[in-house]
Amino acid sequence: MNSSELRALRKETDPLADEIVTKYFTESAFDREKTMLFFDALSKNSDPIPAGLPDYLEKYFYETEDLPSWADKNKIAKGEQLFSTYGPQILMMLCVKSLPMAYSCGDGAQVLYKTGRLIEQNGVIDGVNRRLMETTQFVISVAQENGLGPQGKGIRTAQKVRLMHASIRYFLGKGKDWDPAWGQPINQEDMAGTLQSFSSLVVEGLGQSSLKLSQEEKDAYIHLWRVVGHFIGVKPELCPEGYDVAYSLGESIFNDQQKPSDAGKILAKSLLDFMEYMLPGNLFDSLPLFFLQTYMGQKTSEVLGLGWPPKNPLGYFMERIFKDVDSHVDDDEGFGKLVAYFASKLLFSMDHFYYGGKKARFWIPPSLRENWRL
């Protein structure tokens, strides 16, 4: 797609979800209790249809829960198997590739900045941790085995994300500090770019991590996320089939939207702080920056204010250790072993994270726990 076509998508949102949310918040006088009921229903329940909401909201969940006619269950299963095998590395890619690439899109980053949930508040990062862990939980819900099946958590979770996006559009659109030059909040171009950051960019990142995937595996993982895109309201033509076409679309979007912004730099800083907070002790605090710069490269690192060239030698030093321990490992495989180590530590810390003395709500199915040795 060319730039003018992509820019036109910044005016498009998701009419179905927007209509439902607008009706909910305008059919009676605004009150805080009603607003909190809506957000609690979308964020605190996992897979059931939330109770206590109007009939038309319940109807939405039933009428949009079927797989699209083009969904290929065999491809979905192959995509789920890839997640089962490389889940820790895939979830790590969210932090070192998917999210920072999204933050580098200056206009789209404004939404995350304005909502405030991915930004440290007065030096406290609990909100950052919670939001990033919710994002990780979303990926686990949709990509686990049978996550998009009748008894899985993925479809219901994606339906709720769709309504959450519409509610953010509703409130940001009414705010006085939203610049129309940024496009509509959470518009179709931003949604399509985010979808590719969670799918084709992740596949690319696995390749960068010395994991050799077949074309069939790559295409299957893209198909799985193409189905997820359907459930979160991305237009069908923005959910292409096959890794090569999907990656090309993502590249077009990122080239169109990437530019420095204060919002993107603040979000990237919060992401770094999140990863450093999750790693035990202080010895490995420089590893998150090493990985971000490695996966992002010079252009995106500079857009995010991360600096260039990379200066801290710890990552290269640890990569060399993994290589020296096994004389049969080459440089790429040494980096892959470092990635696997970092990914497992990050996921373990998230799985054992506490908020104010209470364990965070973070669910990993038993089969994945066994595969990932948690």
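Before going into details, it helps to say that this report is about the structure given with it. Note that the coordinates shown come from a computational prediction; the quantities given were computed from them, not determined experimentally.

## A look at the overall build of the protein chain
Thought 1: Scanning the protein chain from terminus to terminus reveals 17 helices and two strands.
Thought 2: When each of the 374 residues of the protein chain is scored for burial, the buried share is 54%.
Thought 3: Of the accessible surface of the protein chain, which amounts to about 17,300 Å², a share of 52% is contributed by carbon and sulfur atoms.

## As for the environment of leucine 306
Thought 1: Of note, leucine 306 is situated in the loop between helix H14 (287-303) and helix H15 (314-325).
Thought 2: When neighbours within four sequence positions are excluded, leucine 306 is seen to be in contact with Ala268, Leu272, Leu289, Leu292, Gln293 and Ser301.

## Notes on the environment of glycine 87
Thought 1: Following the sequence through the fold, glycine 87 ends up in helix H5 (residues 73-103).
Thought 2: Given a relative accessible area of 0%, glycine 87 falls into the buried group.
Thought 3: Sequence separation between glycine 87 and valine 139 is 52 residues, and the spatial gap between their C-alpha atoms is 9.7 Å.
Thought 4: Beyond its immediate sequence surroundings of up to four residues, glycine 87 is in contact with Leu82 and Trp372.

## Considering the packing of H5 against helix H10 (residues 200-208)
Thought 1: At their nearest, the axes of H5 and H10 sit 8 Å apart, and the two run at 105° to each other. Relative to H10, the element H5 lies roughly perpendicular. Every residue of H10 that contacts H5 at Leu82, Gln89, Ile90, Met93, Lys97, Ser98 and Met101 is listed here: Leu201, Val202, Glu204, Gly205, Leu206 and Gln208.

## Points about the side chain of glutamine 110
Thought 1: Here glutamine 110 lies in helix H6 (residues 109-115).
Thought 2: Residue classification places glutamine 110 among the buried residues on the basis of a relative accessible area of 11%.
Thought 3: Once you skip the residues sitting within four places of it in the chain, glutamine 110 turns out to touch Trp178, Trp182, Ser261 and Ala263.

## Notes on the pattern of salt bridges
Where charged atoms of side chains with opposite charge meet at close range, the side chains can pair.
Thought 1: All told, the structure shown has 18 salt bridges when counted by the stated rule.
Thought 2: Of the charged contacts in the structure, one is a salt bridge between aspartate 190 and arginine 10, with a shortest N-O distance of 2.9 Å. Of this pair, aspartate 190 sits in helix H9 (residues 188-198) while arginine 10 sits in the loop between helix H1 (3-9) and helix H2 (15-26), and the two are 180 residues apart along the sequence. You'll find aspartate 190 and arginine 10 in the same group, each marked buried.
Thought 3: A salt bridge links glutamate 204 to lysine 97; the nearest nitrogen and oxygen atoms lie 2.9 Å apart. On the criterion of sequence distance, the pair formed by glutamate 204 in helix H10 and lysine 97 in helix H5 is long-range, its members being 107 residues apart.

## Some points on the packing of aromatic side chains
Thought 1: In total, this model carries 16 aromatic pairs according to the counting rule given.
Thought 2: Here the aromatic rings of phenylalanine 83 and tryptophan 372 are separated by 5.4 Å at their centres, their planes lie at 85°, and the arrangement is edge-to-face. Within this pair, whereas phenylalanine 83 is found in helix H5, its partner tryptophan 372 is found in helix H17 (residues 366-372), the two being separated by 289 residues in sequence.
Thought 3: Here tryptophan 372 falls in the buried class, since its relative accessible area comes to 8%.
Thought 4: When the ring centre of tyrosine 56 is taken as reference, the NZ or CZ atom of lysine 23 above it lies at 4.3 Å.

## Some points on helix H11 (residues 215-231)
Thought 1: When the terminal C-alpha atoms of H11 are compared, their 25 Å separation across 17 residues agrees well with the 24 Å that a helix rising 1.5 Å per residue should span.
Thought 2: Those residues of H11 not exposed but buried are Ala220, Tyr221, Ile222, His223, Leu224, Trp225, Arg226, Val227, Val228, Gly229 and Phe231.
Thought 3: Where H11 terminates, the next one or two residues include glycine 233, which has phi positive at roughly 95°.

The rules behind each value
Residues numbered from 1 in each chain as written. Predicted model: local features only at pLDDT ≥ 70, side-chain atom pairs only at ≥ 80, totals over all residues. Heavy atoms only, no water. Helix = DSSP H or I, 4+ residues; strand = E, 2+ residues; numbered from the N terminus. Buried < 20%, exposed > 50% of the residue type's maximum accessible area, 1.4 Å probe, protein only. Areas by Shrake-Rupley, 256 points an atom, 1.4 Å probe, with all protein chains shown as cover. Contact = heavy atoms within 4.5 Å. Axes fitted to C-alpha atoms, helices over the stretch in contact; angles between N-to-C directions. Parallel < 35°, antiparallel > 145°, perpendicular 65-115°, else oblique. Salt bridge = Lys/Arg side-chain N within 4 Å of Asp/Glu carboxyl O. Phe/Tyr/Trp six-rings, centres within 6.5 Å; stacked < 30°, edge-to-face > 60°. Lys NZ or Arg CZ within 6 Å of the ring centre and 35° of its normal. Expected span 1.5 Å × (residues − 1).

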